[in-house]
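Here's the letter readout for the chains.
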Amino acid sequence: MPADMPPEDFRRAADEITAWIADYLAAPGRFPVLPNVKPGSLTAAIPPEAPLSGEPMDAIWRDFQSLILPASTLWNHPRFFSFFAVSSSGPGILAEYLIAALNMNGMLWRASPAVTELEQVTLSWLRQWLGLPDTFFGMMHDTASISTMHAILAARHRADPETRTRGARPGLVIYTSAHAHSSVEKGALALGIGKDYVRLIAVDNRYRMDAGELARTIAADKAAGLRPFCAVAAIGTTATTAIDPVPEIASVCEREGLWLHVDAAYGGPLAILPECAHYLEGAARADSFVTNPHKWLFTPVDLSAFYTRHPEVLRDALSLVPEYLRTSEPDAVNYMDYGVALGRRFRALKLWFVMRYFGREGIEGRIRAHLKLTADLLSRIEADTRFEVCAPAPMGLICFRLRGPDERTRALLDTVHATGQAFLSHNVLDGRFVIRWSIGNIHTTQADIDATWDLIRSAAPQSD
């Protein structure tokens, strides 16, 4: 019995799967973006117990195509306009092949020097593209949720170093926008801060955090004997892609001694464009910063780039080195010392492939094309009197709705989704149900925008 799949079998299966992937990437729109299934239907179609004897790859591959694919929401589809559009590109997919084949764990430099050093180099490249200072130390996490949790953890340690030995004490307060991503609250919950100590700061008429209200809330908490320790600002909120006034927020944090974390998970890559570099104004003053290449840099999920000016704070908070993990390279970076996870995938390889294959000019051109698609679509929505745009659209997201009761917009979105031909998401802004149309997939073309807009217009009531 061979220890693993025989090389000739692997090559045959790999060739077939690679050919399928190439065909899929050439025309992903031929599949519905949303599956027509009910909860539990895939579970019922799969045997309840794993097989006793091994099965041929041909059978497994057939079941993927007949069972798994029809039950899949296709995030790499050109009409996936929901949440924040993500897409994996060809070079990133090829890198994933190699990541899986090499199967390395970058917990220590010694565990694989290539994992650690390519991560450092690639994050330095990205930092330069974003115009961030070279004092920022970078590391990769899976998602912005985990990056933000590490920012809060570092902020907590700086404010109360004895947390490491004694555990969290009540009274530390964190501040973020009322429209911030839920990961801020989740990170606080995971670290024992508690919802009662998370302040959601009001926003202005452009849905940006009100820096004046932040300062007043901090002052009130200090007067009440609480300990403000961290603020999280966003460059591209999930709700509307609003850009919080980071310079003003940074000034408040510097004056009050708070750690400032900037969440640019979605909006960060825009700063690669010279005409959008001002979006990161003030970010260099942050104590930590996150952006997600798996959102708008065409890198397969998952890859979140986390930077901090204070890596020593994370190290002091988290470093634990049992004897079996001790090494003799004092100058090496061992990423296990700076994060909760010990195991670390070779994520840098796929970003390195993407950045080299497209180059900065290629990345700029693709993001710029998405911005143009967004601006053109915005004009078309504004021109149709049945609809109203509900928030500024500085990036690749448009929030809009049918005029009138919410039920009309809800029904419209349900009708569009029932076709399986496009997938959008929703939110509630100022008490009104709105549709979120996010543009950012590398495969999305003008034809995809046109077809989806035609679908929406035809499904909408013919008069307002």
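Please refer to the structure placed before this passage.
Every value quoted in this text rests on a predicted model; they were computed, and no experiment measured them.

Novice: Describe in detail helix α14 (residues 406-419), supporting the description with residues and values.
Specialist: With 14 residues, α14 ought to run about 20 Å at 1.5 Å a step, and its terminal C-alpha atoms sit 21 Å apart, in line with that. All of the buried residues in α14 are D406, T409, L412, L413, V416 and H417. The arc that holds the buried residues of α14, viewed along the axis, is 130 degrees, so those residues lie on one side. Turned more than 90 degrees from where α14 packs its buried face, E407, D414 and A418 sit exposed. Buried residues in α14 make contact with β8 (387-389), β9 (397-402), β10 (425-429), β11 (432-438) and α15 (446-459). G420 lies just past α14 and shows a positive phi near 75 degrees.

Novice: Let's hear about helix α4 (residues 90-102): which residues, and what values?
Specialist: Between the first and last C-alpha of α4 there are 19 Å, a value that for 13 residues agrees with the 18 Å anticipated at 1.5 Å per step. Residues P91, G92, I93, A95, E96 and I99 constitute the buried set of α4. As for α4, its buried residues are in contact with α1 (7-26) and α13 (348-383). Directly beyond the C-terminal end of α4, a positive phi value near 55 degrees is found at N103.

Novice: Any details on unusual backbone geometry? Residues and values, ideally.
Specialist: Cis geometry marks the peptide bond from V301 to D302, where omega comes out at 10 degrees. In this structure, D302 sits in the loop between α11 (293-296) and β7 (304-308). Phi angles above zero are rare outside glycine, and T241 is one such case at about 65 degrees. Within the secondary structure, T241 is located in the loop between β4 (227-234) and α10 (246-256). A positive phi is found at D430, a non-glycine position, where the angle reads about 55 degrees. Within the secondary structure layout, D430 lies in the loop between β10 and β11.

Novice: Explain the side chain of R156 to me, using residue names and the numbers behind them.
Specialist: Topologically, R156 is positioned in helix α6 (residues 144-159). No salt bridge forms around the buried R156; measuring N to O, its nearest opposite-charge neighbour D160 is 7.3 Å away.

Novice: Before we move on, can you summarise the packing of α1 against helix α3 (residues 57-68) with the specific residues and values?
Specialist: Two numbers describe how α1 lies on α3: the axes approach to 11 Å, and their chain directions differ by 15 degrees. Between α1 and α3, the interaxial angle falls into the category roughly parallel. For the pair α1 and α3, the sense of crossing is right-handed. In contact with A13, E16, I17 and W20 of α1, α3 contributes M57, D58, W61, F64 and Q65.

Novice: Which residues make up the nonpolar core, and what are the values?
Specialist: Within the largest apolar cluster, 69 residues are counted, with the highest numbers of intra-cluster contacts made by L260, L280, F289 and I363. Per element, the largest residue contribution to this core is nine residues, and it comes from α13. Dropping the residues within four chain positions of it, F289 is found in contact with L130, L132, F136, H261, V262, A264, L280, A283, A305, F306 and Y307.

Novice: An account of the pattern of salt bridges is requested, with residue identities and associated values reported.
Specialist: If the charged atoms of two oppositely charged side chains come close together, the side chains can form a pair. Counted under the stated rule, the structure contains 32 salt bridges. With a shortest N-O distance of 3.2 Å, E323 and R326 are connected by a salt bridge. With respect to class, E323 is no different from R326; both count as exposed. A salt bridge links E364 to R360, with the shortest nitrogen-to-oxygen separation between them at 3.0 Å. Here E364 and its partner R360 are both found in helix α13, four residues apart, which amounts to about one turn of the helix. The network of salt bridges with shared partners includes E96, D302, R345, R347 and K350.

Novice: Now, about a nonpolar patch on the surface: what can you tell me, with residues and values included?
Specialist: Taken together, the side chains of M5, F10, M57 and I60 make up a nonpolar region of the molecular surface, amounting to roughly 350 Å² of accessible area. Summarising the element assignment, I60 is placed in helix α3. Of the residues examined, I60 reaches a relative accessible area of 42% and is grouped as partly exposed.

Novice: Before we move on, can you summarise the sheet that holds β11 with the specific residues and values?
Specialist: Taken in spatial order, the four strands of this open sheet run β8-β9-β11-β10, and their pairing is antiparallel. The open sheet has two edge strands, β8 and β10, and neither has a second partner. Neighbouring strand axes in the sheet, compared pairwise and without regard to direction, differ in orientation by 40 degrees on average. With three bridges connecting them, β8 and β9 associate as antiparallel partners. By the bridge assignment for β9, V389 is matched with F400. Docked against the sheet, α13 engages β8, β9 and β11, running at close to 15 degrees with respect to β9. Each of β8, β9 and β11 is contacted by α15, which is oriented at about 160 degrees to β11, the strand it contacts most.

Novice: Give me the lowdown on the environment of F423, citing residues and values where you can.
Specialist: Among the structural elements, F423 can be located in the loop between α14 and β10. As for F423 and R368, which are separated by 55 residues in sequence, their C-alpha atoms are 22 Å apart. Aside from chain neighbours lying at most four places away, what touches F423 is V33, L34, T73, R79, F80, F81, S82, F83 and H417.

What counts as what
Residues numbered from 1 in each chain as written. Predicted model: local features only at pLDDT ≥ 70, side-chain atom pairs only at ≥ 80, totals over all residues. Heavy atoms only, no water. Helix = DSSP H or I, 4+ residues; strand = E, 2+ residues; numbered from the N terminus. Expected span 1.5 Å × (residues − 1). Buried < 20%, exposed > 50% of the residue type's maximum accessible area, 1.4 Å probe, protein only. Arc of directions from axis to C-beta. Contact = heavy atoms within 4.5 Å. Lys, Arg positive; Asp, Glu negative; His and termini not counted. Salt bridge = Lys/Arg side-chain N within 4 Å of Asp/Glu carboxyl O. Axes fitted to C-alpha atoms, helices over the stretch in contact; angles between N-to-C directions. Parallel < 35°, antiparallel > 145°, perpendicular 65-115°, else oblique. Left-handed = near helix turned anticlockwise from the far one by under 90°. Core = buried A, V, L, I, M, F, W, Y, C linked by side-chain atoms within 4.5 Å. Patch = residues over 30% accessible without salt bridge, like charges linked within 9 Å, V, L, I, M, F, W, Y side chains within 5 Å. Areas by Shrake-Rupley, 256 points an atom, 1.4 Å probe, with all protein chains shown as cover. Pairing = 2+ DSSP bridges.

Take it as geometry only, folks, not as evidence of what the structure does.
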